[in-house]
Amino acid sequence: MHKKLIALALLASAGFATASHAADDVIRLGNLKFAHYGAVSYIKEIAPKCGIKVDEKVFAKGPDVMQGILAGELDVGTTASEAAISGRANGAPIYVVAGFAKGGARLVAGKDSGIKSVKDLKGKKVGVTRGGIHEVLLDAELGQNGLTAKDVTIVYLAFADLNQALLGKNIDAMMQSEPQSSQAINKGFGVEVMKPYDTPIGEPYRTMVMTEKFYTEKRPLAEKFMRCFLEATKTFIDKPEVAEKYVREVIFKNQISKEDFYDAIGNSPYAYDITVEHIQVTTDTMAKYGTGKMAKPPVAKDWVKTDLLEQAKKSMNLK
């Protein structure tokens, strides 16, 4: 009897060790709910065949992902570059390891606002989400058109609330993400003023970040995750019908139309590359306009690490 109890105790402890080991192998992913973040969400669907487990948590905006990382709740996060840069500047222990989409911004005016250009924003109410790349792009567009934030009334709203504010004429224009900007145009209450890609930033790349701990201490798992990310992204690029079905039906529960999806991805194509230069230019632009409240702007070459990406691309024969 005594031997049986010992045997059961050993089995139980072995089972606990296996369970805790399995828990250690779960990759905690922070993501946002946008059309161009869809390939990242798709990673969890194909994770088993990649030999990994992914637990995805969806946040409202990039700075919330950074808070999740600071709280030790995430291993990997996806966000616009502005939130990643601000996060790093304010102590988040992260590395930028890949890009996953580019573009994804549009200046949209109310249908009857009479706004045809950035200069027409003077004296108007302009909606934007605080702490996103859209805020940086708005500051940069105003700046290069001879305006400042004092020349317009900036109304800070969540991405999900901007369209409603434009529809209700509580704002005159908005710097919005996708697919919401495409929806505003397709539903007829918004008109495109411009895609804000003529600043030094160009088309902004969305960034995938890893915690320093995950990157350095769980290298084999990080390598598997990166390959899985590339596989998910390549699937969405090569098979747009798979991307459309997943984004429309799974992520947005059929709340966006086929037209919304393809218009959105036309303005925010899936990608996987990122460069030190792009992150540095974005950092410099943020510092110039005081966006992001950085204690000390981080130097891109110190925390943009593309070795995992390059290794995974090579193993999959991707250019």
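Basis of the calculations
Residues numbered from 1 in each chain as written. Predicted model: local features only at pLDDT ≥ 70, side-chain atom pairs only at ≥ 80, totals over all residues. Heavy atoms only, no water. Disulfide = S-S within 2.5 Å. Helix = DSSP H or I, 4+ residues; strand = E, 2+ residues; numbered from the N terminus. Buried < 20%, exposed > 50% of the residue type's maximum accessible area, 1.4 Å probe, protein only. Pairing = 2+ DSSP bridges. Axes fitted to C-alpha atoms, helices over the stretch in contact; angles between N-to-C directions. Arc of directions from axis to C-beta. Contact = heavy atoms within 4.5 Å. Salt bridge = Lys/Arg side-chain N within 4 Å of Asp/Glu carboxyl O.

Draft legend 1. Representation of the state of the cysteines. Summed over the entire model, instances satisfying the criterion amount to 1 disulfide. Residue pairing for Cys-50: its cysteine sulfur links by disulfide to Cys-228, the two sulfurs lying 2.1 Å apart. For the disulfide bridge between Cys-50 and Cys-228, the dihedral angle about the S-S bond is near 80°, and by the sign convention the bridge is right-handed. Placement of the pair is Cys-50 in helix α2 (residues 38-50) and Cys-228 in helix α9 (residues 219-238), with a sequence separation of 178 residues. For Cys-50, a relative accessible area of 16% translates into the label buried.

Draft legend 2. Representation of the sheet that holds strand β1 (residues 26-32). Read across the sheet, 5 strands follow the order β2-β1-β3-β10-β4 without closing on themselves; strand pairing throughout is mixed. Looking at strand neighbours, the two that pair on one side only are β2 (53-59) and β4 (94-102), the edges of this open sheet. Across the sheet, the mean angle separating the axes of adjacent strands is 25° when strand polarity is ignored. Direction of pairing for β4 relative to strand β10 (residues 205-211): antiparallel, over a ladder of 7 bridges. Bridge pairing in β10 links Gly-99 to Thr-207.

Draft legend 3. Broad picture of helix α11 (residues 258-266). If you check which residues of α11 are buried, you get Asp-260, Phe-261, Ala-264 and Ile-265. Down the axis of α11, the buried side of the element spans an arc of 120°, and every buried residue falls inside it. Buried-residue contacts for α11 involve α7 (180-186) and α10 (240-251).

Draft legend 4. Representation of the side chain of Ser-81. Its place among the elements puts Ser-81 in helix α4 (residues 81-89). Exposure remark for Ser-81: the relative accessible area of 1% places this residue in the buried category.

Draft legend 5. The pattern of salt bridges, seen in detail. Going through the model one piece at a time under the given rule, you end up with 19 salt bridges. A salt bridge links Asp-75 to Arg-28, with the shortest nitrogen-to-oxygen separation between them at 3.0 Å. In this pair, Asp-75 is assigned in the loop between α3 (62-70) and β3 (76-80) and Arg-28 in strand β1, connecting sequence segments 47 residues apart. Using a relative accessible area of 9% as the deciding quantity, one classes Asp-75 as buried. Among the salt bridges present, the one from Glu-192 reaches Lys-195, with a minimum N-O distance of 3.2 Å.

Draft legend 6. Representation of the pairing of strand β8 (residues 173-176) within the structure. Going residue by residue along β8, you find Ala-173 and Met-175 tucked away on one face and Met-174 and Gln-176 tucked away on the opposite face as well. Bridge count between strand β5 (residues 106-110) and β8: 4 bridges; the pairing is antiparallel. The residue of β8 that forms the bridge with Val-108 is Met-174. By the bridge criterion, 2 bridges tie strand β6 (residues 125-128) to β8 in an arrangement that is parallel. When the bridges of β8 are listed, Val-126 appears paired with Ala-173.

Read these as layout, nothing more, since geometry by itself doesn't imply function.
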